[in-house]
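Here's the letter readout for the chains.
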Amino acid sequence: MTLRFKVRSFVNITSFIFALLILPSATQAQIPLDGNTGRSSQARASTPLTPEMLGMPRTQIAFGDRMLRLFNGRGAVSIRDKSLTGLQTLQFPPIDIRDYRFFLAFKETKSNVLIQDVVPDVYDYMVETGKGQHPLGLNFSPGAPLVMLLQQAYWEPNAFFRTGTFDKQFGDRWISFGISTNTSVAADTDEIYMSVEIENREAEPLVFTASPDQRAPELALSFPNVPGKPAGPVTHPDAFTLASDQIRITVVSDLAAQGKDGWRWEIPGHSRSKAYFGIIVQPTSSPAPSVTATDLPQRMERADQAMRSRLQWAGETLPQVSTGDPAFDDLYRRCILSVLESRWERENFVTKPFYAVGTWLSSVAWDTSYASETLSILDPAGLRETFLTYVRKGLLNTSYVPWNGKTTDYWYAQSPFAEMRILQDYLNQTGDTEFLNYSVDGASVFEWTKRMGRELEKRYGRPDGLLDFGAGSEKMLEIRTDGYQHVVAATNGMAVAYFRQVAQWCRERNDPEAAQFETWAKTLQDSMNQKLWDEKNGWFVNLYPDGGKHLVLSYHQFDLLDAGILSEKQSAAMISHIKEGEFLGPLGVYSISLADRVHWDIEDVDWGGGGQYTGEPLRLAESMYRLGHADLAWDILNRCTKWTEHFPYIPQEIFADYFRSPEVEMPLEIAAGSGVQAVIFGTFGLRPHVDGSLGVSPAYQQQLGQARLTGYKFRDHSYDVVLGPWDYEVFRDGKLATRTNYGKSIEFAPGGALKN
C-alpha cells in the first residue's frame, strides 16, 4: 500500500511540474523542480532586460536571507530562508521595521493538525541558544512542530519562487501536498503579495484554516534625524492584523470564507488550488482594509508588469550589449539592475525619483558619482535634480541626504569632488551648459562651484597651497588605522582638478576669478609634487602638521590617474602597483595593497584592505581603458565579472579573494553603475564631450568574440559599435559610418558628422 502511494504520488508530482513549466507569466508561474526554477516562457524575454534574464537560484546566492530583498521602486521586503512563506524586514518609509516576521500556517480541520512554516525560527533559536528542538528533528521528534519543508527557491527582481512539501501519515490517514509560492511587492501602493498553490496528492479533500503569523517587537514610524514618538504596545486585534497606535499591518486574501482564526481553504482530492494573500502596510490613521480582497491576482499582475516596465525602460534607454562572454554581459545587466534597485519613487521622499546610496535610504554624492555617467544617459533629469538637492542641503556641510531631507553635519572631504564629477558627467552627456546659470537658493550653479572652491581654500588651505582636512580618517575613508588624515594626496589631487575646472568656466565667462583658481591649482600641484611624491615607492604620501609623512597604499589614490594632474612617470609608477601580490585579487582589487602591512585589514572590506568598495575597481577599469592600458583594464574587469556567479545585484563591498559580502554593510550599492560605464566608455570606447563631439576608441579582447553595443543615444543621434577580431565598425542612426583598425580613434563633430 505504501509503495502504491509513492508511485501514484510520483506521477502526480511529475504532472504538476510539467504544468508549472508551461504557465505563461512570472506572476502565474510557480517553481519547477528541474533546475529552471521560476523561469517563465521565453516569449516574455523579447525586451533588452527582463526578470528572467536576471533570475538566480537561491542556492547560488552568497547573501544572507535578510540581504536578499524584493523591491519595486516603492517598498521592499526581505525573504526568510528555510521557509515557504517566510518574510521579514519591511521598508515602506516612514514604516521601516527591521525585526518584522511573517509566515502562513495551515490547520487541517479534519485531523486538527497544525502545519507551520517555522523552520527558520527553530534554526535561529538552536544556533543562538543551543536549546530547543533540533531543526532536523521536526516532523518526527515528540512535541516538535509539524512543518512544511522547503525544496527549492529562486530569485528574480521582485519575485521569489519557492516549492516545498508536506507528507505525513496520521493514523490511517495521509496528509500529503506539494506547495508552491511566489512573492512580490507592489509598485503603486504599500503592499506585498504572495500566491500560494497547493496540490493535494490524496483522494480525500484537504480543508485548511489558513492563518497569518505576524510578529514585531515594536511598530513605530521612523523619520531620519527627527525625534520619534514612542509607539504603544504591539497587539493582535484579530487573526489578520498586527498593530500599534502608529502602524497597522493587515493580511488579506482572495479566499472568501473566513472565521476568527483565518480563511477556510478547501483543496479537492487529486487537484490543485491557488490562493492569493496580501500584506497591507499602513499608518493607523489610514482606513483599515477588508481582509477579503478578490482582486489580489490582478494587483499581483500589475506589480509584475511594473517591474517589467522598469527593466524595459532601463534596457532600452541604455545601450544594449551582446558579446561572446556571458559573464561580461551578465555583469553589465546586473550593474544596470543595481542602479534601478537604488531608485525610489515615493511621493513622501525629498525628490522623486530618489537615488539612494543602496539599501540605506540616503543619497550620497560620493556614491552617486560612481554612477553619474550612467544616470546622465538613463535619467538626466533625475540626476540634475539629485545634484540640486546636494546644493540645497549644503555642499560643504553635509554628505548624507536621507529620504525625508533632514540632514546632519556628517561630511566627507570627497564630497566637493564627487559633486563636481556628477556635474561634469551631466554636462558632457546632455550639453546642457545653461544649467551652470540655473539659480538655486539665490546663486547660479556656477557660482556655487566657485563658493565651494573658495570655502575649501578658506577652511583647509595651508600657506604652501596644500589642503589639510584635519584629524579623523572618517572624513576620508573611514578606515580603522591612522595615517590617512590631514594632507591626503588623493583629495588634494582632486582639488587641483576641481580648481582648474572652475578656472576654465571663469575664463569662458570672462570672470576675473579665473586667475585665482588657476593659481590655487598650480600652487597645490607644485606642493604635491615637492612634498608628497615618494619617488622610491612610486606613490604619494600623506602629510601631518608635524611634518610626519605616512605611506598608505590605498586604491583611493587611483582616482588621480585620469584627473589630468600626473606626469607620465608618476602615472606609470602608480599603475605598476596594480598587480598580483599588491592590489589585484582573484575577485577584483584589494582596497589596501597587500604590500602595506601597516594598514591592511581583512575585515574592513570597502576601504580598509580585504576587499573592495565595488564601484572602485569598476571605475579603475574605465580609467585604464581611457589611459590606453586596455589589457590591464580587461584584467580588472574580468575579475569583477566573477561577482555575478553569486550576487544577483551588486553589494557595497565584496572580499577580493572569496565570495562573501559582509552582512554589516549594504547588499546593494548604486556605485555598481560604474560597471555600466566601464563597458560603454571603456571596452566600447565611447567618449562624449560637452561641445557635442564624440570620440570612439574601443579595445578588443578575444574572450568577447563578436561584440556589439547598440543604441547609445547622444545629442539626437544613436550610435552602435561592433567589435571584431581585427577591426571595428561604428554605425550612426543605423547606417555604417566607418570601419577601422584598433588603435585608431574615430571622431564625430558636434552635430554627428564624421571628422576623419
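Overview of the structure. Predicted model, so just to flag it, every value in this text is computed and none were measured. Going along each chain's sequence as written, the residues are numbered from 1 onward. Given that this is a predicted model, residues contribute local features only at a pLDDT of at least 70 and side-chain atom pairs are listed and counted only at 80 or more, while totals for whole chains, interfaces and linings are drawn from all residues. Excluded from the side-chain calculations are hydrogens and water; all other atoms, namely the structure's heavy atoms, are used.

1. Here we look at helix α15 (residues 615-626)
- Across its 12 residues, α15 extends 17 Å between first and last C-alpha, which sits within 8% of the 16 Å expected from 1.5 Å per residue.
- Summary of the burial criterion: residues with accessible area below 20% of their type's maximum are buried, those above 50% are exposed, and those between are partly exposed, where the area comes from a 1.4 Å probe applied to protein chains only. Think of it this way: any DSSP run of H or I at least four residues long counts as a helix, any run of E at least two long counts as a strand, and we number them from the N terminus. Taken across its 12 residues, α15 has 11 buried, putting it largely inside the fold.
- Along α15, the positions that sit buried rather than exposed are G615, E616, P617, L618, R619, L620, A621, E622, S623, M624 and Y625.
- Following α15 by one or two positions, G628 has its phi on the positive side, about 90 degrees. Here the expected span of a helix is defined as 1.5 Å times the quantity of residues minus one.

2. Details of the sheet that holds strand β38 (residues 735-741)
- Two strands make a pair as long as DSSP finds a minimum of two bridges between them. Taken together, the 5 strands give an open sheet; going across it, the order is β18-β35-β36-β37-β38, and neighbouring strands pair in antiparallel fashion. Each end of this open sheet is capped by a strand with a single partner; those strands are β18 (320-322) and β38. Ignoring which end each strand starts from, the neighbouring axes of this sheet average 15 degrees apart.
- As paired elements, β18 and strand β35 (residues 707-714) share 3 bridges and run antiparallel to each other. The residue bridging V321 from the neighbouring strand is L709, located in β35. Where helices are involved, their axes are fitted lines through C-alpha atoms of the stretch in contact, as for all axes, and angles between N-to-C directions lie from 0 to 180°.

3. Some details on the environment of A216
- By the secondary structure assignment, A216 is in the loop between β12 (206-215) and β13 (235-238).
- Measuring from C-alpha to C-alpha, the distance between A216 and Q424 comes to 46 Å, with 208 residues separating the pair along the chain.
- Residue contacts are counted whenever heavy atoms from the two residues lie within 4.5 Å of one another. Those residues in contact with A216, other than ones at most four positions away along the chain, are I97, D99, Y100, V234 and L242.

4. Observations regarding the packing of helix α11 (residues 489-508) against helix α12 (residues 514-532)
- Remark: α11 packs on α12, axes separated minimally by 8 Å, with the N-to-C direction vectors making an angle of 155 degrees. Taken as axis vectors, α11 and α12 run roughly antiparallel relative to one another. In the packing of α11 onto α12, the handedness of the crossing is left-handed. Each of A489, N492, G493, A495, V496, F499, R500, V502, A503, C506 and R507 in α11 lies in contact with α12, whose residues at this interface are A514, F517, E518, W520, A521, K522, L524, Q525, M528 and L532.
- Throughout this entry, Asp, Glu, Lys and Arg are counted as charged residues, while Ala, Val, Leu, Ile, Met, Phe, Trp, Tyr, Cys and Pro are counted as nonpolar. The remaining residues, Gly among them, count as polar. Tallied by class, residues from the contact of α11 with α12 come to 14 nonpolar, 3 polar and 4 charged. Working rule for angles: under 35 degrees goes down as roughly parallel, over 145 as roughly antiparallel, 65 to 115 as roughly perpendicular, anything else as oblique. Helix crossings are classified by the rotation of the near helix relative to the far one: an anticlockwise turn of less than a right angle makes the crossing left-handed, while a clockwise turn makes it right-handed.

5. Structural notes on the nonpolar core
- Here, nonpolar core refers to any group of buried Ala, Val, Leu, Ile, Met, Phe, Trp, Tyr and Cys residues whose side-chain atoms link them within 4.5 Å. Membership of the largest hydrophobic core comes to 198 residues, with the highest contact counts inside it found for F106, F177 and Y712.
- In terms of residue count, α11 provides more of this core than any other element does, 11 residues in total.
- The contacts of F106, once residues within four sequence positions are left out, are V113, L114, I115, M148, I179, V196, I198, F208, T209, A210 and W265.

6. Regarding the pattern of salt bridges
- One side-chain nitrogen of Lys or Arg within 4 Å of one carboxyl oxygen of Asp or Glu is enough to make a salt bridge. Tallied over the entire structure, the rule returns 50 salt bridges.
- Between D124 and R80 there is a salt bridge; the shortest N-O distance is 3.2 Å. Placement of D124 in helix α3 (residues 119-129) and of R80 in the loop between β3 (76-79) and β4 (87-92) is noted, with a sequence separation of 44 residues between them.
- If you follow the salt bridges from partner to partner, you end up with E447, K450, R451, R454, D511 and E513 in one network.

7. Here's the deal with the packing of aromatic side chains
- Pairing of aromatic side chains here covers Phe, Tyr and the six-membered ring of Trp, requires ring centres within 6.5 Å, and sorts the geometry by plane angle: under 30 degrees stacked, over 60 edge-to-face, intermediate tilted. Enumeration according to the criterion identifies 46 aromatic pairs in this entry.
- Residues W344 and F349 carry aromatic rings whose centres are separated by 5.6 Å and whose planes lie at 25 degrees to one another, so their mutual orientation is stacked. Assigned by exposure class, W344 and F349 land together as buried.
- Aromatic side chains Y555 and W607 sit 5.2 Å apart centroid to centroid with 75 degrees between the ring planes, which places their arrangement in the edge-to-face category. Linking Y555 in the loop between β28 (549-550) and α13 (568-575) with W607 in helix α14 (residues 605-608), this pair joins segments that are 52 residues apart in sequence.
- Three or more aromatic residues joined by ring pairs form one cluster here, namely F106, F166, F170, F177, F208, F240, W263, W265 and F277.

8. Quick look at the sheet that holds strand β34 (residues 694-696)
- Spatially, β33-β34-β39 is the arrangement adopted by the 3 strands of the open sheet, whose pairing is antiparallel. Edge strands, defined here as strands with exactly one partner in the open sheet, are β33 (686-688) and β39 (746-748). Direction aside, neighbouring strands of the sheet carry axes that sit 15 degrees apart on average.
- Pairing between β33 and β34: 3 bridges, direction antiparallel. Paired with P688 across the two strands is L694, which belongs to β34.

9. Some details on unusual backbone geometry
- Note that the residue after P93, namely P94, is joined by a cis bond; omega there is 10 degrees.
- Residue placement: P94 occurs in the loop between β4 and β5 (95-108).
- For the peptide bond that leads from K352 to P353, omega is 0 degrees, which places it in the cis range.
- With respect to the helices, strands and loops of the structure, P353 is situated in the loop between β19 (343-344) and β20 (354-355).
- One non-glycine residue, N510, lies in positive phi territory at about 55 degrees.
- Residue position: N510 is located in the loop between α11 and α12.
- Judged by its relative accessible area of 71%, N510 falls in the exposed class.
- We note that D716 has phi near 75 degrees; this positive angle belongs to a residue other than glycine.
- Exposure remark for D716: the relative accessible area of 81% places this residue in the exposed category.

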